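Now for the letters of each chain:
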Amino acid sequence: MDLSSRTIAILIALLVAGVLTTLAWLVPTMAFEQGALAAGITVAACFLLVYLAFEALIFREINNIYAGLENVKRKEFRRLSNKFLFRPEPLKRMRDEIVQMAERKQQEIDELKRLQVLRREFLADVSHELKTPIFAAQGFLHTVLDGDVDDELLRHKFLTKAATSLDALDALVQDLVTISQLEKGVVRMRRQAFDVAQLVHEIFEQLEQKAGQRHVTLELFPPSLAPEGLRVLADRNRIRQVLINLIDNAVKYGKEGGHVIVSLLESSKGVKISVRDDGAGIPKQHQSRIFERFYRVDRSRSRDSGGSGLGLAISKHIVEAHKSTIRVHSEAGLGTTLEFKLPKPRPPRPPLATDAQLEADAS
């Protein structure tokens, strides 16, 4: 029998009221022995109902709480979801709150475990990325210091390679500092109006030699824009950094002898900037992770060919600081497109008319 506390309280009240009413009606004609017997029956009936109430409500609900905790231990939250209904009984409410709190704590534990895994991966990647240029520079420098190289040209070559490794180490440290500042929100975007088409042409000139090595053609779409260009409101230096990362990746991972197209599409809400290559594409299982620090789709790539893996992570934070999002569209064999939006500057307000102009218009 599954009776609620309200039902049992009503039954007890009705029984006690009935017994008292009966006693009040029979007392004048009832003998002492009969009154004592009636009192004993009343006490026994009330005791039985109260005991059943405790047994049905308290002990049963405590057992349900333990059963719910067992399900929580096994992470079987779905089996409990259909029981999370409004209940006036305090014990049932307490059970639901315990189970919900346990579910929240389990989610927090799972999130902490995930972050711990990411931290271990990050430390392993950082140590690997730092050791590579350090060991290279150490090897070249110790070779020169030990006097194993007598040729002046060879010694200069070794020192140049050591300097190159140290420059790569400095660039890596600067990227780590930048992404740390971006994640903390320390870096503020200095928004200004500028011509994004002109910025793209500057980046094309900067990457022209690298694109020429792979016979990649850099194109801007649409090829002809208005004389005043296409102006956006953003931090020019930071957007330059984003576009360099995106275009450089498109040149490296695009098809050799192919095309890299930067599209600038204007709308009423802003300008959509997209960088498209015609390479092999990114598998779907990797598309959600390419913006993670040090993540590479192809783990076998070296740092020289694949970079440090921080460029897209930095680009993601810069774009998000502009209240936008980088989106990736890619299919196997059809290339990859990365796009984001930037706002346009507000049009200037028309100047207020002077008194002389108002008088001239009136006349």
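Above this note sits the structure.
Residues numbered from 1 in each chain as written. Predicted model: local features only at pLDDT ≥ 70, side-chain atom pairs only at ≥ 80, totals over all residues. Heavy atoms only, no water.

Caption draft 1: Representation of the packing of helix 6 (residues 196–206) against helix 8 (residues 236–253) in the model. Close contact between helix 6 and helix 8 brings their axes to 10 Å; oriented N to C, the two are set at 50°. One element, helix 6, and the other, helix 8, form an angle in the oblique class. Judged by the twist between their axes, the crossing of helix 6 over helix 8 is right-handed. For the pair helix 6 and helix 8, the contacting residues are Leu199, Val200, Glu202, Ile203, Phe204 and Gln206 in the first and Arg236, Ile239, Arg240, Leu243, Ile244 and Ile247 in the second. Classifying every residue of the contact of helix 6 with helix 8 gives eight nonpolar, one polar and three charged. (Axes fitted to C-alpha atoms, helices over the stretch in contact; angles between N-to-C directions. Helix = DSSP H or I, 4+ residues; strand = E, 2+ residues; numbered from the N terminus. Parallel < 35°, antiparallel > 145°, perpendicular 65-115°, else oblique. Left-handed = near helix turned anticlockwise from the far one by under 90°. Contact = heavy atoms within 4.5 Å. Nonpolar A, V, L, I, M, F, W, Y, C, P; charged D, E, K, R; others polar.)

Caption draft 2: Seen up close, the layout of surface pockets. Approximately 390 Å³ is the volume attributed to the second largest pocket. Considering the residues around the second largest pocket, the lining is formed by 20 residues, among which Leu118, Glu183, Phe291, Glu292 and Arg293 are closest to the centre. If you list the elements that add at least two residues to the lining of the second largest pocket, you get helix 4 (90–145), helix 5 (152–184) and helix 11 (311–321). Among the elements that make up the lining of the second largest pocket, the one with the highest residue count is helix 4 (seven residues). Looking at side-chain class alone, the lining of the second largest pocket contains eight nonpolar, two polar and ten charged residues. (1 Å grid on protein atoms, 1.4 Å probe; cavity = no way out; pocket = protein on both sides within 12 Å on 5 of 7 lines; lining within 4 Å. Points joined across faces, edges and corners; volume = space filled by probe spheres on them.)

Caption draft 3: Molecular detail of the pattern of salt bridges. According to the stated counting rule, one finds ten salt bridges in the structure shown. In this structure, the salt-bridge partner of Arg240 is Glu202, at a minimum N-O distance of 3.2 Å. Here Arg240 is found in helix 8, whereas its partner Glu202 is found in helix 6, with 38 residues between them in sequence. (Salt bridge = Lys/Arg side-chain N within 4 Å of Asp/Glu carboxyl O.)

Caption draft 4: Fine view of the nonpolar core. In terms of nonpolar packing, the biggest core is built from 51 residues, with Leu243, Ile247 and Phe340 touching the most fellow members. With eight residues, the top contributor of residues to this core is helix 8. Discounting chain neighbours no more than four positions away, the residues touching Phe340 are Ile239, Val242, Leu243, Leu246, Val271, Lys272, Ile273, Val319, Ser324, Thr325 and Ile326. (Core = buried A, V, L, I, M, F, W, Y, C linked by side-chain atoms within 4.5 Å. Buried < 20%, exposed > 50% of the residue type's maximum accessible area, 1.4 Å probe, protein only.)

Caption draft 5: Up close: the sheet that holds strand 5 (residues 271–277). Read across the sheet, five strands follow the order 2-4-5-7-6 without closing on themselves; strand pairing throughout is mixed. Single-partner strands in this sheet number two, and they are strand 2 (217–221) and strand 6 (327–331). Put simply, the sheet's adjacent strands are angled 15° from each other on average, direction ignored. The pairing of strand 4 (residues 259–266) with strand 5 spans seven bridges and is antiparallel. In the sheet register, Leu264 faces strand 5, and the bridge partner there is Ile273. In the packing of helix 6 onto the sheet, contacts are made with strand 2, strand 4 and strand 5, and the angle to strand 2 comes to roughly 175°. (Pairing = 2+ DSSP bridges.)

Caption draft 6: Expanded view of unusual backbone geometry. With an omega of -5°, the peptide bond running from Phe221 to Pro222 counts as cis. With respect to the secondary-structure elements, Pro222 resides in the loop between strand 2 and strand 3 (231–234). The backbone phi angle of His215 is positive, close to 55°, even though this residue is not glycine. Tracing the backbone through its elements, the reader meets His215 in the loop between helix 7 (208–213) and strand 2. Although it is not a glycine, Lys323 adopts a positive phi angle of roughly 60°. Within the secondary structure, Lys323 sits in the loop between helix 11 and strand 6. Given a relative accessible area of 77%, Lys323 falls into the exposed group.

Caption draft 7: Broad picture of the pairing of strand 3. Only one face of strand 3 is buried, namely the one carrying Val232 and Ala234, since none of Arg231 and Leu233 on the opposite face is buried. With four bridges joining them, strand 1 (residues 192–195) and strand 3 adopt antiparallel strand pairing. For Gln192, the partnering residue across the bridge sits in strand 3 and is Ala234.

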